[in-house]
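# Chains, contacts and geometry: an overview
For reference, the chains in residue letters:
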Amino acid sequence: MFFHVRDLAVRANQFDVEIGPGAIDFQQGAKDKDTNLRQASPLKAAGKAALVMGSLGEIKVTGHITAEMEADCDRCLEPARFPIDSDFSLFYRPVEEGYGDEKEIDTGEAEMGFYEGDGVELNDVVREFVLLTLPMQRVCSEGCQGICPVCGQNRNQKECECQTEVSDDRWAALKSLKK
Ligand SMILES: [Zn+2]
Ligand SMILES: [Zn+2]
C-alpha cells in the first residue's frame, strides 16, 4: 500500500492489513545481525497515514503492529521467537523541500525518517518499525547457556566437561600487584 503525499493532502488514509511472511524483505538494508531475521507468522498492521498540518509534505504514520519474528539466538544459534504487539508512530519528511538542514532534524524525535519521491510505502514503514523495536540482544531465553567455545556443544541441551574459565596470567599478575 502506497501513501501518496498528494492523496494525503486531501484526506488521511486508514489501513488495516495482513502481510504474509515473505512480502517484506527484512534483509533490505539489514545490518549483519539482521541477516537471518524472518517473519514467522502473518503480520497485522492497522492505523492511519496523514499529512502533518502546516508542514511541507511531512507524513505521519501511526497505528498498531502485531507480528511474530524469528531470528537465530545470539548465544546458541537456535531459532528464537520475538513477538511484537505494539503501537507505533513514525514521521517521514521529504528529502528535498528545504528539510536538508541537520539542525532542523535534530529535534529529539528519534523516529523520524525521510522519503524520496511522492510518498511512503506501508511495507517500508512496517519493516523500519520492526527493526527499531526488536531487542539489541536476541536470545531464545534470558537463561540461554549458549554454545561451548571449546567443544561446540549447545549447553542448553547437554552440559559438557570443558573448562571454559581459562585463567589469564596478566589478570593474576594484576591481582598480585594490588595486594
Ligand atoms: Zn539461545
Ligand atoms: Zn564443551
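Residues numbered from 1 in each chain as written. Chains lettered and ligands numbered in written order. Predicted model: local features only at pLDDT ≥ 70, side-chain atom pairs only at ≥ 80, totals over all residues. Heavy atoms only, no water.

### Regarding the overall build of the protein chain
Here is the rule: Starting at the N terminus, helices and strands are each numbered in turn, a helix being any DSSP run of H or I of at least four residues and a strand any DSSP run of E of at least two. Residue burial is assigned from relative accessible area. The probe radius is 1.4 Å, only protein chains are included, and a residue is buried under 20% of its type maximum, exposed over 50%, and partly exposed in between. Should any heavy atoms of two residues lie within 4.5 Å, those residues are considered in contact.
When helices and strands are tallied, the protein chain shows 4 helices and 8 strands. In sequence order, the protein chain lays out its α and β elements as β-α-β-β-β-β-β-α-β-β-α-α. Here the protein chain holds 179 residues, and the buried ones make up 33% of them. Excluding contacts between residues fewer than 6 apart, the proportion of contacts in the protein chain whose partners are at least 24 apart in sequence is 59%.

### Considering the coordination of the zinc ion (ligand 2)
Rule in force here: Distances up to 2.8 Å from the metal define which N, O and S atoms are donors, and 3.2 Å serves for Na, K and Ca; water is absent from the atom set, so sites may look incomplete. Here the metal geometry follows the donor angles, with tetrahedral for four donors whose angles all fall between 85 and 135 degrees, square planar for four and octahedral for six when opposite donors are more than 155 degrees apart and every other angle is between 65 and 115, and irregular for all the rest.
Ligation of the zinc ion (ligand 2) by protein atoms is provided by Cys 148 (SG), Cys 151 (SG), Cys 160 (SG) and Cys 162 (SG), these donors lying 2.3 Å from the ion. In this structure, the zinc ion (ligand 2) is coordinated by 4 donor atoms arranged in tetrahedral fashion, with angles at the metal of 104 to 115°. One chain supplies every donor for the zinc ion (ligand 2), spaced along it as C-x2-C-x8-C-x1-C. Residue Cys 151 is found in the loop between α3 (122-133) and α4 (169-178), and its partner Cys 162 is found in the loop between α3 and α4; the two are separated by 11 residues along the sequence. What makes Cys 151 partly exposed here is its relative accessible area of 46%.

### What to know about the nonpolar core
Heads up, the rule is: Among buried residues, the Ala, Val, Leu, Ile, Met, Phe, Trp, Tyr and Cys ones that are joined through side-chain atoms within 4.5 Å form a nonpolar core.
Ranked by size, the top nonpolar core spans 35 residues in total, and within it Ile 65 and Val 126 carry the most contacts. Broken down by secondary-structure element, the contributors of at least two residues to this core are β2 (13-19), β4 (43-51), β5 (59-72), β6 (79-94) and α3. Excluding residues within four positions of it along the chain, Val 126 makes contact with Ile 19, Ile 24, Leu 43, Ala 45 and Ile 65.

### Comments concerning the coordination of the zinc ion (ligand 1)
Within the protein, the atoms that donate to the zinc ion (ligand 1) are Cys 73 (SG), Cys 76 (SG), Cys 140 (SG) and Cys 144 (SG), at distances of 2.3 Å. Because the angles between the 4 donor atoms bound to the zinc ion (ligand 1) fall within 106 to 115°, the donor set is best described as tetrahedral. Read from N- to C-terminus, the donor residues coordinating the zinc ion (ligand 1) fall into the pattern C-x2-C-x63-C-x3-C.

### A short note on the side chain of Asn 154
Assignment of secondary structure puts Asn 154 in the loop between α3 and α4. Taking the relative accessible area as the measure of exposure, Asn 154 reaches 9% and is therefore buried. Discounting chain neighbours no more than four positions away, the residues touching Asn 154 are Cys 76, Glu 78, Gly 146 and Ile 147.

### Thoughts on the packing of aromatic side chains
Formally: Here a Phe, Tyr or Trp ring, Trp counted by its six-membered ring, pairs with any other such ring whose centre lies within 6.5 Å, and the pair is stacked when the planes are under 30 degrees apart, edge-to-face when over 60, and tilted otherwise.
In total, this model carries 2 aromatic pairs according to the counting rule given. With a centroid separation of 5.6 Å and 40° between ring planes, the pair formed by Phe 3 and Phe 15 is classed as tilted. Taken together, the positions of Phe 3 in strand β1 (residues 2-4) and Phe 15 in strand β2 put the pair 12 residues apart, joining distant regions of the chain. Phe 15 carries the same exposure label as Phe 3, and that label is buried.

These figures come from the coordinates and say nothing about function on their own.
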